[in-house]
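# Secondary and tertiary structure notes
The chain contents come next:
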Amino acid sequence: MNYILFDGPNRAAFLPLTFTRPVADLRIGILTIREKWERYLGSTTTTITEDYLSDKYPMVEMEHNVLINASYLPNAILAEMVKNLSAQQVIMHHDNIVAFSTSDSQEEVDLDAYETLHFTDDCLYIEHVWDLFQKNDQAIREDFELLTEDRTSQVVSNTVTVLGNALFVEEGAKLECVTLNTTTGPIYIGKNAEIMEGSVIRGPFALGEEAQVKLGAKIYGATTVGPHCRVGGEVSNCMLMGYSNKGHDGFLGNAVLGEWCNIGADSNNSNLKNNYEPVKLWSYISERFDKTGLQFCGLIMGDHSKCGINTMFNTGTVVGVSANVFGSGFPRNFIPDFSWGGAGGFTTYTLPKAFETARIVMSRRHLDFTDEDKAILEHVFELTKSYRNES
């Protein structure tokens, strides 16, 4: 069967992260949503997403296809239902489409004519950008079980203090003189990852392949440090998608960083308002600050964005794609995509400068800044012009 993950109705709720990737390629827990589905289905997947993303994330359509809403995270029961779908059947969860099997073209699908199957069990479903840290605890636990079942962990050195027994260390990982508390949740250490001496980590926690925890870091769950990331200082309930750095002292809490982000030394974000009121967060849908209902909500940062040393982010700050933030004082709570500046004001971070930085940063990890990457950023630049007050 040919499986296709589609963005679904929640895509805009995950901006700015989904400016540069489909919903399926968001990370929550240890794996991306796509990686989870492919493991459960035993099959590769492709994507229906925005046209400007389709060169990098193409769709493969065959005679018979199963389309899956990428806002749903699979478990064994749901995946089995999806694998057993017959043609012209649709799985519904409450009022949401989970998946359907079809031999029709996209334009011809009429789900009202399909046989409806109801999924009534529990599963993880994401509908807001803050779900990526809010629901990360359960997601790490589920991925830990998926990845470690019937496998044996690498043995750790006797210099490592482990509380509890929910630790799994992949081949090639390095850790000495660290404290890992798994009594609060499982801890997963990816292939060739490293935790430097003096670090103290409480689960649930996931460290991706070739990622690194710096000397003396203090990390609270539920936190995911994605592949090839660098993290240090104090971190609590955060999601770093991949290839991003928060390598120095400073606090990051209840936050999501996309890929290719960099947090300067001694930078901090507030994750709790002084009056303890629920946090409002910028919405690209309503184009205003909407209620989250959360008391703890820190920073959301899109791909390729950076901040200089000693940057201070207020509670509930959204930073768009490819922004560069620096200077003293608190910048505003919404920093538009391709902005350059800080509390004193912003100008436009021009495309040639943004491209040059992206090339340099990606080359340091032995990756190319491709024509596809360039075209995506060009499109996002045009999409977000109005937020920068450009004519």
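The structure displayed is predicted, hence computed values, not measured ones.

Conventions we followed
Residues numbered from 1 in each chain as written. Predicted model: local features only at pLDDT ≥ 70, side-chain atom pairs only at ≥ 80, totals over all residues. Heavy atoms only, no water. Helix = DSSP H or I, 4+ residues; strand = E, 2+ residues; numbered from the N terminus. Rg over C-alpha atoms; globule rule 2.2 N^0.38 Å. Buried < 20%, exposed > 50% of the residue type's maximum accessible area, 1.4 Å probe, protein only. Areas by Shrake-Rupley, 256 points an atom, 1.4 Å probe, with all protein chains shown as cover. Core = buried A, V, L, I, M, F, W, Y, C linked by side-chain atoms within 4.5 Å. Pairing = 2+ DSSP bridges. Expected span 1.5 Å × (residues − 1). Arc of directions from axis to C-beta. Salt bridge = Lys/Arg side-chain N within 4 Å of Asp/Glu carboxyl O.

## Looking at the overall build of the protein
The helix and strand inventory of the protein stands at six helices and 33 strands. Since a compact globule built from 391 residues should have a radius of gyration of about 21 Å, the 21 Å found for the protein is in line with a globular shape. Considered along the principal axes of its C-alpha atoms, the protein spans approximately 60 × 60 × 45 Å. The 391 residues of the protein split such that 54% are buried. Carbon and sulfur atoms make up 47% of the accessible area of the protein, which totals about 16,800 Å².

## Overview of the nonpolar core
Ranked by internal contacts, the top residues of the largest apolar core, which has 67 residues, are Leu 26, Trp 37, Ile 68, Val 82, Leu 132 and Phe 338. Looking at this core, the element that brings in the most residues is helix α5 (residues 351-363), giving six residues.

## Examining the pairing of strand β21 (residues 251-259)
It is a general feature of regular strands that their side chains alternate between the two faces of the sheet. Among the nine residues that make up β21, eight are buried, leaving the element largely enclosed by the rest of the structure. The sheet contact formed by strand β19 (residues 234-242) and β21 spans seven bridges and is parallel. Its bridge partner being in β21, Val 235 is matched across the sheet by Leu 252. With two bridges connecting them, β21 and strand β26 (residues 299-301) associate as parallel partners. Its bridge partner lying in β26, Val 256 is registered against Ile 300.

## A word on helix α4 (residues 136-148)
Given a rise of 1.5 Å per residue, 13 residues ought to cover 18 Å, and the 18 Å separating the end C-alpha atoms of α4 matches this to within 8%. Those residues of α4 not exposed but buried are Asn 136, Ala 139, Ile 140, Asp 143, Phe 144, Leu 147 and Thr 148. Mapping the buried residues of α4 onto a view down its axis gives an arc of 135°, with all of them on the same face. Two residues or fewer past α4, Asp 150 is found with a positive phi of approximately 60°.

## Topic: the pattern of salt bridges
The final tally for this structure, using the stated rule, is 15 salt bridges. Of the charged contacts in the structure, one is a salt bridge between Arg 27 and Glu 35, with a shortest N-O distance of 3.8 Å. By relative accessible area, which is 9% here, Arg 27 ends up buried. Residue class for Glu 35 comes out partly exposed when judged on its relative accessible area of 32%. Put simply, Asp 143 and Lys 36 hold a salt bridge, and the shortest N to O gap is 2.5 Å. One end of the pair, Asp 143, is in helix α4; the other, Lys 36, is in helix α1 (residues 33-41), and 107 residues separate them in sequence. The residues Asp 143 and Lys 36 share a single accessibility class, namely buried. Here the residues in one salt-bridge network are Asp 7, Arg 11 and Glu 50, joined through shared partners.

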